[in-house]
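Geometric and topological summary
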Amino acid sequence: MPKITTFSGYFHEYQKSIVQPQKFWERIAETFHWKKRWTNVLDWNFEEPSVKWFVDGKLNITENIFERFLYTKGDQPAIIWEPNNPKEAYRVLTYRDLYEEVNRFSNALKSIAVVKGDRVVIYMPMVPEAAVAMLACARIGAIHSVVFAGFSSTSLADRIKDCKAKVVLTSDGNFRGAKTIPVKDVVDEALEKCPSVKSTVVLKRTNTEINMRVGRDMWWHDVIENESTECNAETMDSEDMLFILYTSGSTGKPKGVVHTTGGYMVYTKYSFENVFQYQQGDVYWCTADIGWITGHSYIIYGPLLAGATTLMFEGVPTFPHPGRFWEIVDKHQVNQFYTAPTAIRALQTHGIEPIAPFKLDSLKVLGTVGEPINEEAWHWYHDHIGKNRCPIVDTWWQTETGGILVSPIAGITPTKPSYATMPLPGIQPVILDNEGNELFGNSVEGNLCIKFPWPSMLRTTYGDHERCRQTYFSSFPGYYFTGDVVRRDEDGYYRILGRVDDVINVSGHRMGTAEVENAIDEHPLVIESAVVGYPHDIKGQGIFAFVIADMSQRSEESLIQEIRETVNRIIGPIAKPDKILVVPGLPKTRSGKIMRRILRKIASGDASNLGDTSTLLNPEVVEDIKKAAGV
Ligand code: WT7
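Residues numbered from 1 in each chain as written. Predicted model: local features only at pLDDT ≥ 70, side-chain atom pairs only at ≥ 80, totals over all residues. Heavy atoms only, no water.

1. Comments concerning the overall build of the protein
Basically, it comes down to this: Secondary structure is summarised from DSSP: a helix means a run of H or I of at least four residues, a strand means a run of E of at least two, and numbering begins at the N terminus for each. Throughout, radius of gyration means the C-alpha value; the globule benchmark is 2.2 Å times the number of residues raised to the power 0.38. When accessible area is computed with a 1.4 Å probe and restricted to protein chains, residues below 20% of their type maximum are described as buried, those above 50% as exposed, and intermediate ones as partly exposed. Contacts are residue-level and defined by heavy atoms, with any inter-residue pair within 4.5 Å sufficient. What sets the accessible areas is the Shrake-Rupley method with a 1.4 Å probe; for residues, cover comes only from the shown protein chains. We score Asp and Glu as negative and Lys and Arg as positive, and we do not count His or the chain ends. Charge positions come from single atoms, namely NZ of Lys, CZ of Arg, CG of Asp or CD of Glu.
Along its length, the protein carries 18 helices and 30 strands. Whereas a compact globule of 631 residues would reach a radius of gyration of roughly 25 Å, the protein reaches 24 Å, a difference of no more than 12%. Within the protein, the proportion of its 631 residues that are buried is 62%. In the protein, 71% of the contacts between residues at least 6 apart in sequence involve partners at least 24 apart. Element-wise, carbon and sulfur atoms account for 49% of the exposed surface of the protein, whose accessible area totals about 23300 Å². Side chains of the protein give 67 positive and 77 negative charges; the mean places of these two sets differ by 2 Å.

Structure below.
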């Protein structure tokens, strides 16, 4: 695999990838195992949009992990699994172990009538079986849709219904820090509304007492019991769907982002090896959850396609103590460590004492993802975790991009705190002003778009192609629009400034403000609400809800509590507003649109310069809100 080893090598590769993209990607695709070669490297237009990579190529992504590595790496650890509680034994699955487990579970899925093209929802904790589940789906051509196990039954049901899943894979419970979460109950509740689901497979993890519905629910250990450890990989077209992953947007309903097989495989492996400079034998650890794209691309697919050892951690950064991450780094001699700025900031608040007992001398590369990293957190990470000797890769990408698009190459690209720096080979970012004019040169700021396809980009939004076109390809015709604002500085380095749409980034998780508003509005006493993001020391952005409510029946305090609980029930804990302010009205334009700009200012505690409010339908309400907010 062509690996970049010098900064001039990067420019050389980048240049080739821009001048002859097809040739560039073809050369990389040739290093994989295909059952049948493609007839054409790329067919595309961004109008429909229609993007096809390695057209007519046939393959199975799991053959590029297992059949490929079995003879050379059969005994090498593929997954090191570290449990929530350090007192429980960790597990190591070699490439051969994982291969056999995947085959057994593939056969089990077949035995419950899962066939190529069926959708399988995975709602599981961070255990090796979750990886086995994903890979087994890929092996038999079923389309997985992992749902983060922190989502509520309503959110889970919405996703199951949208993709009409036939099977749900789950567990009897999840360990998360000091808590045990009864996830099977959540699934049971969700399934009351999901007639498409014929069966569930339940992994025993916590030994929680649960209901097993006869004829629908089966234990994981039972379904695999008599299955063979051999299973032929289904032949997939390069453009067959590999998975659907739901993500929030500016409208209320999450979208099912669709990724396909061939291009995703090529790009995740290529980007993994280059960005992290993974060397054979290294231990790589990404702390994300498999419920997010980071978990898909850089815990499972990218690392395993590269024959790496990937660490999976079930727990949380602060249990049983705030040195847990660093304990794991030493215990398993982790070489590359990839986490989110929010985790760094949260650990930063515990000071440096929790780090002191650990050497951290195995670390070579540090990474961040999910949100802009502030300079202070960057320096803390660099100084106290990397001991001033590990490069930090600040990786910018999205659920829709499938893989990292803008990032330093570890140890090769000179870094600058809070800059994602430069595009990877094959990526052609452009900055457009609001009229769609490209801003050339350096020291410019505007809408971040990509003007040429890359192999792991989304192909559609499940069941609604028009929505994909509308959301990503219509604001700036001919371009993929990311929804982010970016600055290209005087050195040509990219710095992501944030979202332009009504999406907020809470602890590296994307939340649509409309989604949270819809949940708040479910409370019977709420009349109307408006949600905005505001700067939050640890989460990056916090959720601020302005609410108009019938105040005749509750104290303000209990109403606020109930609203938080409503959001928790409808979406999940990650969407609970940090602040809720009961207000007499919301600032609206004459056409009835809420002026969020004003609310954002007030939410950030700065009401000094609210701009022109005279065009509002109800300018007097601004003073009332300011008073309520105490700004
Ligand atoms: C949005 C995508 C990609 C996996 C995790 C999030 C923001 C992501 C960075 C970064 C600044 C970043 C963007 C992007 N974002 N990485 N390194 N610096 N912002 O995936 O949930 O699809 O969210 O996260 O705003 O659009 P996601």
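Once you've had a look at it, read on.
2. Considering the pairing of strand E7 (residues 143-146)
Under the convention used in this document: Any two strands between which DSSP finds at least two bridges are classified as paired. Convention used here: a crossover is right-handed provided that the path from the first strand, over the helix, to the second strand proceeds clockwise when the strands point away from the viewer.
The alternating pattern of E7 places Ile-143 and Ser-145 and His-144 and Val-146 on opposite faces, both of which are buried. As paired strands, strand E6 (residues 119-122) and E7 are joined by four bridges and run parallel to one another. The partner of Val-120 across the bridge, within E7, is His-144. Each parallel crossover has a hand, and for E6 linked through helix H5 (residues 128-140) to E7 it is right-handed.

3. Quick look at the domain arrangement of the protein
The condition is simple: Just so you know, the domain bounds were taken from an automatic or database domain assignment. Throughout, buried area stands for the accessible area (probe radius 1.4 Å) lost by two parts on being put together, summed over both. Salt bridges are identified by distance alone: a Lys or Arg side-chain nitrogen within 4 Å of an Asp or Glu carboxyl oxygen. By the criterion applied in these results, polar contacts are pairs of N or O atoms within 3.5 Å in which, for protein atoms, one can donate a hydrogen and the other can accept it, and in which residues neighboring in sequence qualify only through two side-chain atoms.
As far as domains go, the protein holds domain 1 (7-224 + 235-247 + 256-411 + 422-469) and domain 2 (506-629). Using C-alpha coordinates to define each centre, domain 1 is positioned 33 Å away from domain 2. At the junction of the two partners, domain 1 supplies 17 residues and domain 2 supplies 15 residues. Each partner contributes to the roughly 1100 Å² buried at the junction of domain 1 and domain 2, and carbon and sulfur atoms together form 50% of this total. Considering only the side of domain 1, the residues that lose the most area to domain 2 are Trp-292, Thr-342 and Arg-345, jointly responsible for 31% of the buried surface there. At the boundary of domain 1 and domain 2, one finds one salt bridge. A salt bridge links Glu-400 to Arg-510; its shortest N-O distance comes to 2.6 Å. The interface formed by domain 1 and domain 2 holds 10 residue pairs in polar contact (both at pLDDT 80 or more) in total.

4. Let's talk about unusual backbone geometry
Here the bond from Glu-48 into Pro-49 is cis, since omega is -10°, no more than 30 degrees from zero. Looking at the secondary structure, you find Pro-49 in the loop between strand E1 (40-45) and strand E2 (50-55). Here the amide bond leading from Phe-319 into Pro-320 is cis, since omega sits at -5°, within 30 degrees of zero. Non-glycine residue Gln-277 carries a positive phi angle of around 50°. Tracing the backbone through its elements, the reader meets Gln-277 in the loop between helix H9 (261-276) and strand E16 (283-286). Even without being a glycine, Leu-360 presents a positive backbone phi close to 60°.

5. Digging into the site of the ligand
Counted only if it meets this: If even one non-hydrogen atom of a residue comes within 4 Å of a molecule or strand, that residue is called near it. Three classes are used: nonpolar for Ala, Val, Leu, Ile, Met, Phe, Trp, Tyr, Cys and Pro, charged for Asp, Glu, Lys and Arg, and polar for all others, with Gly counted as polar.
Near the ligand there are 17 residues, and of these Asp-394, Thr-395, Thr-399, Asp-484 and Arg-510 occur at the shortest range. Contacts to the ligand include Pro-372, whose backbone N or O atom sits 3.5 Å from a nitrogen atom. Within the side chain of Arg-510, an N or O atom sits 2.7 Å from an oxygen atom of the ligand. Coverage of the ligand by the protein amounts to 95% of the 550 Å² it exposes when considered alone. Looking at the shell around the ligand residue by residue, the class counts come to six nonpolar, six polar and five charged.

6. Some thoughts on the side chain of Thr-461
Mapped onto the secondary structure, Thr-461 falls in strand E23 (residues 460-461). Here Asp-464 takes part through its backbone oxygen, which lies 2.6 Å from a polar atom of the side chain of Thr-461.

7. Re the pairing of E1
Taken together, the five bridges between E1 and E2 define a ladder with antiparallel strand orientation. For Trp-44, the partnering residue across the bridge sits in E2 and is Val-51. Counting the residues in the hairpin turn of E1 and E2 gives four residues.

8. A short note on the environment of Pro-83
Here Pro-83 is to be found in the loop between strand E4 (77-82) and strand E5 (91-94). Residue class for Pro-83 comes out buried when judged on its relative accessible area of 0%. For the pair Pro-83 and Phe-24, spaced 59 residues apart in the sequence, the C-alpha separation amounts to 41 Å. What Pro-83 contacts, discounting residues up to four positions off in sequence, is Glu-88, Ala-89, Tyr-90, Arg-205, Phe-313, Glu-314 and Arg-324.

9. What about H5?
Along an α-helix, residues three or four apart share an orientation, since each turn contains 3.6 residues. Heads up, the condition is: To estimate how far a helix should extend, the number of its residues minus one is multiplied by 1.5 Å.
Its 13 residues place the ends of H5 19 Å apart at the C-alpha level, agreeing with the 18 Å of an ideal helix rising 1.5 Å per residue. With 13 of 13 residues buried, H5 lies mostly within the body of the structure. Of the residues flanking the end of H5, it is Gly-141, one or two places downstream, whose phi is positive at about 85°.

10. Digging into the sheet that holds strand E17 (residues 309-313)
As a reminder, the rule being used: Geometry is summarised by axes, namely lines fitted to C-alpha atoms with helices restricted to the contacting stretch, and by angles between N-to-C directions that run from 0 to 180 degrees.
The seven strands lie next to each other as E5-E4-E17-E16-E18-E19-E20, forming an open sheet whose pairing is mixed. Here the strands that pair on one side only, and so sit at the sheet edges, are E5 and strand E20 (392-395). Shown here is a sheet whose adjacent strand axes are inclined to one another by a mean of 20°, direction ignored. Sheet topology note: the strand E18 (residues 336-339)/strand E19 (residues 365-369) ladder contains four bridges and is parallel. Opposite Phe-337, over in E19, you have Leu-366 as the bridge partner.

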